[in-house]
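Structure at a glance
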Amino acid sequence: MAEITAGMVKELREKTDAPMMECKKALTEAAGDLAKAEEILRVKLGNKASKAATRVAAEGIVGISISTDGKLGSMLEVNCETDFVAKNDDFLALVQNCAELVATQNPADVAALSALPMGEGTVESTRAALVGKIGENMSLRRFVRVEAKGQLYSYIHGGSKIGVLLDLVGGDEQMGKDIAMHIAASKPKALDASGVSPELIEAERRIAIEKARADNKPEAMLEKIADGTVQKFLKEVTLLAQVFVKAEDGKQTIEQLLKARGASIAGFTLYIVGEGIEKKVTDFAAEVAEQAAAAAAAQK
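Criteria and cut-off values
- Residues numbered from 1 in each chain as written.
- Predicted model: local features only at pLDDT ≥ 70, side-chain atom pairs only at ≥ 80, totals over all residues.
- Heavy atoms only, no water.
- Helix = DSSP H or I, 4+ residues; strand = E, 2+ residues; numbered from the N terminus.
- Contact = heavy atoms within 4.5 Å.
- Areas by Shrake-Rupley, 256 points an atom, 1.4 Å probe, with all protein chains shown as cover.
- Buried < 20%, exposed > 50% of the residue type's maximum accessible area, 1.4 Å probe, protein only.
- Salt bridge = Lys/Arg side-chain N within 4 Å of Asp/Glu carboxyl O.
- Pairing = 2+ DSSP bridges.
- Axes fitted to C-alpha atoms, helices over the stretch in contact; angles between N-to-C directions.
- Core = buried A, V, L, I, M, F, W, Y, C linked by side-chain atoms within 4.5 Å.
- Arc of directions from axis to C-beta.

1. Quick notes on the overall build of the protein chain
- Broken down by element type, the protein chain carries 13 helices and eight strands.
- Put simply, 64% of the contacts in the protein chain that link residues at least 6 apart link residues at least 24 apart.
- Carbon and sulfur atoms make up 52% of the accessible area of the protein chain, which totals about 16300 Å².

Below, the structure written as structure tokens:
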């Protein structure tokens, strides 16, 4: 019988997200054949969709659909538990089909999208069936639908982990693609200062004041220091004030670029997969020790 090493168990676990002991049993049954063990786990997990629904889904991809005339588009984030599943063909098809439904059917929210027809059932029944087939939780998280004032351009980065949908008025296709790429790289929080939440600005102000106090700056200077810090912050997080990533002189801002080309931005949306979702961090070595301790206790 082939030796089942901890490394083999870890590799199978990362591919399937199955419990460690289940991975070891599958490898033993498959005589160490990783591919066969994975098939065994897929079969065992096929009827566990309800259990999978309790697990955190913080991986996934962004899907984008834009009409041929560039006037109507959508962007959708669908989450799963592991990057392995995010590359699964069935999962990719689900995401793309849902993005197209958002654009063409204009659902009010995720619940409405889930109720739309898909295949022989609905989006929700298709999702649930895929969860049962793969044995991993997945969820439709959010979407945006845009009827463009200008032309829609998009950019996908990092294996579809970052997605941008841009509504550019004027300019040309290359400009649209370049600005969408810039957004993915620089991750602005808003188009201009008016779009940044007052709470976020106030938090920056408070931090600046406390830092200045810690540096023994005069009380009379604190507000002025805070004002400068906030203005610097707004330049960093607002798209129009950011320096264009492809600026030849390293100084031209997006606002200056647009002005030079007689263009403007009607709006943009940036999705980063898993942003804001608390991910479970697994210490594999600690889990092995915990399982071994439990097994030893059970033998006493």
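Next, the rest of the story.
2. A word on the side chain of Ser114
- The residue Ser114 is located in helix H7 (residues 110-114) in this model.
- We classify Ser114 as buried; its relative accessible area is 14%.
- Not counting the four nearest positions on each side in its chain, Ser114 is found in contact with Thr122, Val123, Glu124 and Leu140.

3. Details of the pattern of salt bridges
- In total, this model carries 15 salt bridges according to the counting rule given.
- A salt bridge links Arg205 to Glu223; its shortest N-O distance comes to 3.2 Å. One end of the pair, Arg205, is in helix H10 (residues 198-214); the other, Glu223, is in helix H11 (residues 222-237), with 18 residues separating them in the sequence.
- Take Arg205: its relative accessible area is 19%, and that puts it in the buried class.

4. Topic: the sheet that holds strand S1 (residues 59-66)
- Here we have three strands laid out as an open sheet, ordered S1-S2-S5, and antiparallel in their pairing. Looking at which strands have only one partner, the edges of the open sheet turn out to be S1 and strand S5 (138-147). With direction set aside, neighbouring strand axes in the sheet form an average angle of 15°.
- Bridge analysis of strand S2 (residues 72-80) against S5 gives nine bridges, and the strand direction is antiparallel. Its bridge partner being in S5, Met75 is matched across the sheet by Val144.
- Those strands touched by helix H6 (residues 89-105) are S1, S2 and S5, and its axis lies near 40° from that of S1.

5. Concerning the nonpolar core
- Of all hydrophobic cores here, the largest spans 23 residues; its most connected members are Leu76, Phe91, Cys98, Leu113, Val123 and Met138.
- For this core, the secondary structure elements donating two or more residues are S2, helix H5 (83-86), H6, helix H8 (123-134) and S5.
- Per element, the largest residue contribution to this core is seven residues, and it comes from H6.
- Apart from residues no more than four positions distant in its own chain, Met138 is found in contact with Asn79, Cys80, Val85, Phe91, Leu94, Arg127, Leu130 and Val131.
- Core analysis: the next-biggest nonpolar cluster, separate from the first, contains 22 residues, Ile162, Ala180, Leu257 and Ile265 among them.

6. Examining the sheet that holds strand S6 (residues 151-157)
- What the three strands build is an open sheet, ordered S6-S7-S8; its pairing is antiparallel. In this open sheet, the two edge strands, each paired with only one partner strand, are S6 and strand S8 (264-272). Strand-to-strand twist in this sheet, taken as the mean axis angle between neighbours without regard to direction, amounts to 15°.
- As paired strands, S6 and strand S7 (residues 162-169) are joined by seven bridges and run antiparallel to one another. Considered in S7, the bridge of Ser154 is made with Leu165.
- Packed on one face of the sheet, helix H9 (residues 173-186) meets S6, S7 and S8 and runs near 140° to S7.

7. Quick look at the environment of Thr82
- Within the secondary structure layout, Thr82 lies in the loop between S2 and H5.
- Through-space distance from the C-alpha of Thr82 to that of Glu136 is 8.2 Å; in sequence the pair is 54 residues apart.

8. Comments concerning helix H12 (residues 254-261)
- Among all positions of H12, only Ile254, Leu257 and Leu258 are buried. Seen end-on, H12 carries its buried residues on one side only, within an arc spanning 95°. Facing away from the buried surface of H12 by more than 90 degrees, the exposed residues are Lys259 and Ala260.
- Check the buried side of H12 and you find it contacts S7, H9 and S8.
- Remark: Gly262 follows H12 within two positions and exhibits a positive phi of approximately 65°.

This is a description of form; function is not addressed.
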